[in-house]
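Secondary and tertiary structure notes
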Amino acid sequence: MEIFQLLVSGLANGCVYGLIALGFVMIYKATEAVNFAQGDFMMLGAFVMIGFNNAEYLGLPFAVSIVAALVVMGAIGYLLDRLILRRVAGESQTSVIILTIALGFVIRFVVGLIWGHEPKSLENPIIGQDIAFGGIVLGLEDVAVIVITLLLTLALYLFFQRSKLGLAMQAASQNQLAAYYMGVPVKRIQGFIWALSGIVAGIAGILFATKGSVDPTTGLIGIKAFAAAVIGGFGSLPGALLGGLIVGIIEPFASRYMPAGYSQIAPYALLLLVLIFRPSGLFAQQRNKKV
Amino acid sequence: MRVHFKTSYNQDIRLFEDKWTLFVYSLLIILSFLMPYILDVFYLGEMTNVLIWAIAGLGLMLLTGHTGQASLGHAAFLALGCYSYAILVQKGVPFLIAFPLSSVITGVVGMIVAIPALRLRGIYLAIATLAMSILVDDVIVLAEPFTGGVSGIFSEPIFLFGMEIDRWGTPIAFYYVALVTIIIVTFGYANIMRSPLGRSFVAVRDSEVSAQAMGVNIARTKMISFGLSCAITGLAGALMGLFAGIFNNETFSVVISIQLLMMIVIGGLGSIHGAFFGAIIIGFLPQFLSISKEYVGDFIGGSAVAIPGLEFGVFGMILIAFIMFEPNGIYGRWVKIRTWFELFPFYRKGMFKRQKSFLKTERLQ
């Protein structure tokens, strides 16, 4: 029973990691850049939702706030691409990495200015409700997180594999110049993917905030989401979710069965092991670069 | 404008382009030796801090700026240098042996770390080094018998030529220790960059495949680059420990790694000058912010308000502005300004324009 309980809480955490990792992977798939600020994006999404929903701020109804928060997050994602990232296209990867890390710093600073540095939690209708079957008690919010994440991953996967826009996105990253020649509006597509990743970050943030409290440093769990994305292979959406689940499940088990001090390094140790022995993740997509 | 008439190939790799450059740099060195007589004690301490950061920046510049391997984990090597130096000194090893030895230890560990890192490139390397930096934080806590864990350990004052040197008691002597170290490191660095090894670093950065085709041993070059970079960083770490006096696992957190990388990007990736420019920004930004906050406070009539996280917020914005408008950093801007004056009035707008590059994936689909 105890193992099952650990498993479920791990799965729910893992889903949040997986959602952040989805954000990385989407942007990586379409623009070959890695958004190191995705964790802070998620934190921002949570705070935007709190700003719309909680009684001390705007106090809108829950459903309205969700829509409003996702629209705002999409707009922020689009504007970031339009105003900042589009201008650095063609810079070295190091520059883009640093740029997104700096973005994360700025987001943390701005959120701290607006909402303060104390932990806040989202007032929501499903908190504290349990589902019990067969002697196992599940928090409703955990179940909601797992279900929504699975649906979202499936939708995004189908979108990338089947829809015309999704294929155009893949084309834009596989060979930008050729995509231009084929009439793919590369710039507009990149703006769209950033907006989409903003929305995914918003969803992740809302789910995270229903599970517990958030503060401006919450975005640092983005580093664990890296582990998820790397384990999954950094180019595969289902891989990212699977990686997130693996990291999420390892954590509670490590803290239960390993001595204190060793348990919190488990996800990073796993990340390093994967990078050493299988550098391109479990679902490898790397090949040698041609000149 | 100075025109160089080159009569031999060796002129291309001279350490100083001409006598004027030699004169300027000699002047700079003399001026930095006279600093203790110009600045008061507080600013001398800040200068020492800048020099130490510049050493660390040089270490990372060798790896990221010249070999093209982005590392988000150099705080780990700072920590290694710092702890190995402090532990060696505690065991009774004199400064003149312990200081270089801590650098050698860090360099050797860096080379060992490079072996698995050789298979990684780009973002994967950045993420692996980031994870390493986080791990080291926990490892320091776990290795408490050696490192003192969370409570930390002291770095004892330096005993050199019968003199006791520490940051608070004898700030001038400590400044000279940092200054001599950085001059030796910079001189060595500049010489490496003239040698075949240095040019193979740059070749690996610009295109691994082309470098390999030209006969550069990629694995060996990257390993040496890692080793040298970590050795320099180890020196900076030892000095940082001496500067801080007491340190624990949080002194070298992952934030320091990120700050280091940001520093060399602001300074200008791929130039020795960049490490110095970046260190000046890092070193003086907190002072500048607190002074400007006072001015703003006076201006709007209220008292200076404390805004948590302001430093990092401003730092992030400066960085974003640099990457957007001057990707070559302060050094790149300096080169442009200098060229403008040298060529006056013939400077053209497009002189430093780079060819547009289009993106191509490295993934299989």
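The structure reproduced in this document is the subject of the present report. (Residues numbered from 1 in each chain as written. Chains lettered and ligands numbered in written order. Predicted model: local features only at pLDDT ≥ 70, side-chain atom pairs only at ≥ 80, totals over all residues.)

Description of the overall build of chain A
When its secondary structure is counted, chain A shows eleven helices and two strands. The linear arrangement of helices and strands in chain A, starting from the amino end, is α-α-α-α-β-β-α-α-α-α-α-α-α. When its C-alpha atoms are laid out on the principal axes, chain A stretches across 60 × 45 × 35 Å. Residues classed as buried in chain A amount to 52% of the 291 residues present. Contacts in chain A between residues at least 24 apart in sequence constitute 76% of all its contacts with a sequence separation of at least 6. (Helix = DSSP H or I, 4+ residues; strand = E, 2+ residues; numbered from the N terminus. Buried ≥ 20, exposed ≤ 12 C-beta atoms within 10 Å, placed from the backbone. Contact = placed C-beta atoms within 7 Å.)

Brief notes about helix α2 (residues 38-53) of chain A
The periodicity of an α-helix, 3.6 residues per turn, causes residues three or four places apart in sequence to face the same way. Taking 1.5 Å of rise per residue, 16 residues should cover 22 Å, and α2 of chain A covers 22 Å from first to last C-alpha, within 8% of that figure. Burial analysis of α2 of chain A places 16 of its 16 residues in the buried class, which makes it a mostly covered element. (Expected span 1.5 Å × (residues − 1).)

Focus on the packing of α2 of chain A against helix α3 (residues 62-83) of chain A
Residue and element names in this part refer to chain A. Running from amino to carboxyl end, α2 crosses α3 at an angle of 140°, the nearest separation of the two axes being 9 Å. By the angle between their axes, α2 is oblique relative to α3. In terms of crossing hand, the pair formed by α2 and α3 is right-handed. Mapping the contact onto sequence places Gly45, Val48, Met49, Phe52 and Asn53 in α2 and Phe62, Ser65, Ala68, Ala69, Val72 and Met73 in α3. Across the contact of α2 with α3, the residue classes break down as eight nonpolar, three polar and no charged. (Axes fitted to C-alpha atoms, helices over the stretch in contact; angles between N-to-C directions. Parallel < 35°, antiparallel > 145°, perpendicular 65-115°, else oblique. Left-handed = near helix turned anticlockwise from the far one by under 90°. Nonpolar A, V, L, I, M, F, W, Y, C, P; charged D, E, K, R; others polar.)

Remarks on the interface of chain A and chain B
Each partner contributes residues to the interface: chain A has 47 residues there, and chain B has 50 residues. Secondary-structure elements contributing two or more residues to the side of chain A that touches chain B are α4 (93-115), α6 (164-174), α7 (176-181), α9 (222-232) and α11 (266-277) of chain A. When residues in the side of chain A that touches chain B are grouped by element, the largest group, 14 residues, is from α4 of chain A. Tallied by class, residues from the side of chain A that touches chain B come to 25 nonpolar, 16 polar and six charged.

Re unusual backbone geometry
Here the bond from phenylalanine 344 of chain B into proline 345 of chain B is cis, since omega is 0°, no more than 30 degrees from zero. Note that proline 345 of chain B resides in the segment after α14 (329-343).

A closer look at the environment of tyrosine 262 of chain A
Looking at where tyrosine 262 of chain A falls in the secondary structure, it is placed in the loop between α10 (237-257) and α11. With 25 residues separating them along the chain, tyrosine 262 of chain A and leucine 237 of chain A place their C-alpha atoms 30 Å apart.

Topic: helix α8 (residues 186-211) of chain A
Between the first and last C-alpha of α8 of chain A there are 37 Å, a value that for 26 residues agrees with the 38 Å anticipated at 1.5 Å per step. With 22 of 26 residues buried, α8 of chain A lies mostly within the body of the structure.

Focus: the packing of α3 of chain A against α8 of chain A
Residues and elements named next belong to chain A. The contact between α3 and α8 brings their axes to 7 Å, and the two run at 140°. By the criterion of interaxial angle, the relationship of α3 to α8 is oblique. Both α3 and α8 take part in a crossing whose hand is right-handed. The residues of α8 that touch α3, namely those facing Ile66, Ala69, Leu70, Met73, Gly74, Ile76, Gly77, Tyr78, Leu80, Asp81 and Arg82, are Gln190, Gly191, Trp194, Ala195, Ser197, Gly198, Ile199, Ala201, Gly202 and Ile206. Residues of the contact of α3 with α8, tallied by class, amount to twelve nonpolar, seven polar and two charged.

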